[in-house]
Amino acid sequence: MSMEADPLTETPPGERTRKQEAQQLEMLRNILTGADVPISLAPAIGVRNRQVPMGIRECQILLEDQDQPSRIRALAALSLGRIDTPEAEEILIRNIQIPENDVLSASMTALGRIGGVRALEAIVKVRPYVTGPAAARADFAAVLISYRLRLKGHQLTVPSHGEFLEPGSGSVNPLKTHGPVEAEARFCLQSLAAQPFGVEFSDKVLHQVSCGRSHHMLVLNGAFEGRHGVRKLREGNALLGAVATRSPDIDTYSIAFLVFTSPGDEIDRLHIWINRATGESAFAGTARLEHDTVKFQIAALAGPGAFSLRVNGTFDGSAFTFTEALCGLSVQQPLVPIRIGKLTR
């Protein structure tokens, strides 16, 4: 696979050295102190985020500097969410009342991924005063923390029958799955380790999933590996796993979807949700627990950008097996902003 050279070092990402990383960090420090540098701050943060996030202190300075553009402060908040330490979480909590909506959205996203009970309490406290896109990010952050920590409350809504996408008459492709080669599995897990979501993914349960030209990796939260892990699903909310996508632009895997479950009203039933990593609902379904095996059915939810999907299969703690897996080729058109001319008085 060809790899584009890094714009800072003219070196492919896989060959970047510790010395070059140190040089990049020094460049960021120079930017923070006002020194002249040949690149803008936003690309610098983006390049750092491909490998390791900036240091906590650098992120804190940027996040709390109201003279910085909101885009830069948002990038700093997201970078704190990749550091995943109590200190990084504390900085995000202290700055949770930032008025700029895009900065607050980024802070909510970061807290959802690394925050604990204190972060959840802080989100709930400020939520009545949050508006715009940050409100949706705050709600999803509360869901993500609740399901990841297996807490009660902040339940996902079970969709009604009418909310599912009708299969339609368009063409469909089989959803192909198979175990990844060892090197690809290792590369995926290494990529995801730099994008923490508060869970440790299993190095034994991975599946490559392809539909047409789209390629993904299904990964399991290690807490639910094995038959004892399947039994845990009866106990409450769970972040069961994720679907990661490999990006050719920066040659890394990133999480595209998160898989949640909750016990249903009947003792042997589960509800399943698959949401985009940014929070939007994408797919949902139900499952039945039979001994130490889960039999599930998942379908697509209607909405802008949605594509039809129908998956039936089983999960026994060691592998996902699909008895039916189809994905549609047509996509519901996303909403497109309409440009409005200047109003005349």
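This write-up is about the structure you can find in this document.

Calculation criteria
Residues numbered from 1 in each chain as written. Predicted model: local features only at pLDDT ≥ 70, side-chain atom pairs only at ≥ 80, totals over all residues. Heavy atoms only, no water. Helix = DSSP H or I, 4+ residues; strand = E, 2+ residues; numbered from the N terminus. Buried < 20%, exposed > 50% of the residue type's maximum accessible area, 1.4 Å probe, protein only. Phe/Tyr/Trp six-rings, centres within 6.5 Å; stacked < 30°, edge-to-face > 60°. Expected span 1.5 Å × (residues − 1). Arc of directions from axis to C-beta. Contact = heavy atoms within 4.5 Å. Axes fitted to C-alpha atoms, helices over the stretch in contact; angles between N-to-C directions. Parallel < 35°, antiparallel > 145°, perpendicular 65-115°, else oblique. Nonpolar A, V, L, I, M, F, W, Y, C, P; charged D, E, K, R; others polar. 1 Å grid on protein atoms, 1.4 Å probe; cavity = no way out; pocket = protein on both sides within 12 Å on 5 of 7 lines; lining within 4 Å. Points joined across faces, edges and corners; volume = space filled by probe spheres on them. Pairing = 2+ DSSP bridges.

Attention now moves to unusual backbone geometry. The residue His154 is not glycine, and still its phi comes out positive at about 55°. For His154, the location among the structural elements is in the loop between helix H8 (133-148) and strand S1 (172-174). In this structure, His291 takes a positive phi of about 60° despite not being glycine. Locating His291 in the fold gives a position in the loop between strand S8 (281-290) and strand S9 (293-300). For His291, a relative accessible area of 75% translates into the label exposed.

Here the structure, examined in full by the defined rule, presents eight aromatic pairs. Aromatic pair Tyr147 and Phe260: ring centres 5.3 Å apart, planes at 75°, arrangement edge-to-face. Of this pair, Tyr147 sits in helix H8 while Phe260 sits in strand S6 (residues 252-263); the two residues are 113 residues apart in sequence, bridging distant segments of the chain. The class for Phe260 is buried, based on a relative accessible area of 0%. Each member of the aromatic cluster is reached from another via a ring pair, and the members are Phe140, Tyr147, Phe260 and Trp273.

In this model, helix H9 (residues 182-193) (twelve residues) spans 17 Å end to end at C-alpha, consistent with the 16 Å of a helix rising 1.5 Å per residue. Listing the buried residues of H9 in full gives Glu184, Ala185, Cys188, Leu189, Ser191 and Leu192. The buried residues of H9 occupy an angular sector of 160° when the element is viewed end-on, so they sit on one face. With respect to the buried face of H9, the exposed residues turned more than 90 degrees away are Glu182, Gln190 and Ala193. The inward-facing, buried residues of H9 abut strand S3 (201-211), strand S4 (214-221), strand S5 (238-247) and S6.

Two numbers describe how helix H5 (residues 86-94) lies on helix H7 (residues 117-126): the axes approach to 10 Å, and their chain directions differ by 10°. One element, H5, and the other, H7, form an angle in the roughly parallel class. Of H7, the residues touching H5 (which contributes Glu89, Glu90 and Ile93) are Arg118, Ala119 and Ala122. Of the residues in the contact of H5 with H7, the class split is three nonpolar, no polar and three charged.

What follows concerns the layout of surface pockets. Considering only enclosed or pocket space, the second largest pocket measures out at about 610 Å³ in volume. For the second largest pocket, the lining is made up of 34 residues, of which Leu175, Val243, Ile274, Leu309 and Val311 are closest to its centre. At the level of secondary structure, the elements contributing two or more residues to the lining of the second largest pocket comprise S3, S4, S5, S6, strand S7 (269-276), S9, strand S10 (307-315) and strand S11 (320-331). Taken together, the residues of the lining of the second largest pocket break down into 27 nonpolar, seven polar and no charged.

For the rest of this paragraph, the subject is the pairing of S6. In terms of burial, S6 is largely enclosed, as nine of its twelve residues are buried. Relative to S6, S5 runs antiparallel, the two sharing nine bridges. Bridging across to S6, Arg246 finds its partner in Tyr253. Hairpin connection from S5 to S6: four residues lie between these consecutive antiparallel strands, with Asp251 at a positive phi of about 50°. Relative to S7, S6 runs antiparallel, the two sharing seven bridges. Residue pairing for S7: Val259 is matched across the bridge by Ile274. Counted along the chain from S6 to the antiparallel partner S7, the turn is five residues long.

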